[in-house]
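Take a look at the letters that make up each chain.
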Amino acid sequence: MAPVPPGIRLALSFDRDQWYRALTFILTFLLYTSFHLSRKPISIVKSELHKNCSSISDVVAAGRQQASLTAPGTEADCSWKPFDKANYKQLLGAMDYSFLCAYAVGMYLSGIIGERLPIRLYLTVGMLASGLFTCLFGLGYIYSIHSLGFYVFVQVANGLVQTTGWPSVVTCIGNWFGKGRRGLIMGLWNSHTSVGNILGSLIAGYFVSSNWGLSFIVPGLIIAGMGVVCFLFLVEHPNDLQAVYAQNSPPGISVPTKRWNEVNGHTEVYLQYKDNKNQSHDTELLLPKDAVCVPVQPVVVVKSESELSAISFMGALRIPGVIEFSLCLLFAKLVSYTFLFWLPLYITKAAHLDAKKAGDLSTLFDVGGIVGGVLAGVISDKLGKRATTCAVMLLLAAPTLYGFSMISELGMGPTIGMLLVCGGLVNGPYALITTAVSADLGTHKSLKGNARALSTVTAIIDGTGSVGAALGPLLAGLLSARGWDQVFYMLMTADFLALLLLLRLVTKELVSSKSHPISSVELKEH
């Protein structure tokens, strides 16, 4: 008999539930990657909406002998109206603000709505609508639309529908993965933010100089396509699969049972594992184990006698740590989104690069963000101190931002190095708070096992952070008119304020004798 290939042996080492867990991990990763992929083009296209017309004039005059080109400092035909005026930075900042303000307002409602609707359908509709509005922005180029109101409307509508994404995917990943090594798992998973930014930059940069409308249309089609994939394959909770197993099981078989907590309106299920060893889906991990308990008996699906209701907005605010982390994220996300929307334009002006090269170079910030997010998760898991990990990275980020503002004009080498470091230190706390911390607080012991708070808590934290995300690009547009150094002073101030808001939780962690994260407690079983 021929030996079993190593790849097959590896595949068989995972049980069925772990395969579904891996599918959920990969699918939600790709879904939210497409969200960020569709947000990035605006930052790449900004330098095309308002070009450096003086240099273009020189090139065209030399090649075509045209003496009638617009002089520098006046309204220029090479720019896209209405962004050809002297106040173009304020207009571009207003577009950012319209998207992010709508996103911030919508996020508070999105989590509450998401707790009460099927996540798969809610997310699918949001992704299809987001694809539509992203494409509409690109169609403005194809049909030569020069109305500022049109672009602002598209940004506001897109900001609202994009709020369906984050609470939905965090709830799904929280349903499938327990608290063990949550920082590592969610640190890896949260790299979808940076991966989406990188892909969005590359796609938008490929078309920006020739047809910037396609910089929006292609990402819009991608997120709409992923919405269809979501509808076809996303499994919200392990209980959904158990119901299918029960339908396919032979009738008339009685089994000892164990109850899972009800989540998102799912009925409670009762399971028996081999050798009477019970293992909850809430505590299993993606990684294989030496002795995995697999269900070998049919599953009986029963109706819960007393259904747990979704938590209220004020009830979520009363969870210890929600307010502090929400306000901290406001300033952390302010910094992150200022880089997201203005970094390519800054590189264009500081390093004198064209839009495509500046967009490609800006992806290094997101590469550093991937490393920073994973590193923050691993460290917080090992130390058991989420707030302290965030605080240390914020403390290091502020002087690093100042260094970047000084070094970015010294050449390509130092700029690349500082982009990677800044990306890690800026996005590390942001990634940790929006994933592992949100999931910890959404399953806090004060909830007494009611995991239906996860989407609402996630929406409150990210919604508050989105207020900062709306303010950052707006302030950058206003301050950059006085010089880019003013923008960096604003970013450093925001980092220090984020650090101050965490001091109470940091002090509590340092004096605590517990070795696990502040809210990393096991779900109470009923």
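Anything mentioned here points back to the structure above.
Residues numbered from 1 in each chain as written. Predicted model: local features only at pLDDT ≥ 70, side-chain atom pairs only at ≥ 80, totals over all residues. Heavy atoms only, no water.

Take Pro-167: it is sitting in helix α8 (residues 165-176). Classification of Pro-167 by relative accessible area gives buried; the value is 1%. The spatial distance from the C-alpha of Pro-167 to the C-alpha of Thr-458 is 5.8 Å, given a sequence separation of 291 residues. Those residues within four positions of Pro-167 in sequence are excluded, and the remaining contacts are Met-107, Ser-110, Gly-111, Ser-455, Thr-458 and Ala-459. (Helix = DSSP H or I, 4+ residues; strand = E, 2+ residues; numbered from the N terminus. Buried < 20%, exposed > 50% of the residue type's maximum accessible area, 1.4 Å probe, protein only. Contact = heavy atoms within 4.5 Å.)

Of note, the bond from Lys-81 into Pro-82 is cis; its omega dihedral lies within 30 degrees of zero at 10°. Of note, Pro-82 is situated in the loop between α4 (53-64) and α5 (88-114). Of note in the backbone geometry, Ser-144 takes a positive phi value of approximately 55° without being a glycine. Relative to the helices and strands, Ser-144 is located in the loop between α6 (119-142) and α7 (148-161).

Counting residues in hydrophobic clusters, the biggest one holds 85 residues, and the most contacted among them are Trp-212, Phe-339, Phe-404 and Leu-491. By residue number, the principal contributor to this core is helix α14 (residues 322-351), which donates 16 residues. Not counting residues within four places of it along the chain, the set of residues in contact with Phe-404 comprises Phe-339, Leu-343, Tyr-346, Thr-415, Met-418, Leu-419, Cys-422 and Phe-488. The next biggest cluster of nonpolar side chains, apart from the first, holds 30 residues, and it includes Phe-25, Trp-166, Phe-177 and Ile-185. (Core = buried A, V, L, I, M, F, W, Y, C linked by side-chain atoms within 4.5 Å.)

One pass over the full model with this rule turns up five salt bridges. Here Lys-46 and Asp-96 are joined by a salt bridge, their closest N and O atoms 2.4 Å apart. Of this pair, Lys-46 sits in helix α3 (residues 41-49) while Asp-96 sits in helix α5; the two residues are 50 residues apart in sequence, bridging distant segments of the chain. With a shortest N-O distance of 3.0 Å, Arg-386 and Asp-381 are connected by a salt bridge. Under the relative-accessibility criterion, Arg-386 is labelled buried at 2%. Looking at Asp-381, the relative accessible area reads 22%, which means it is partly exposed. (Salt bridge = Lys/Arg side-chain N within 4 Å of Asp/Glu carboxyl O.)

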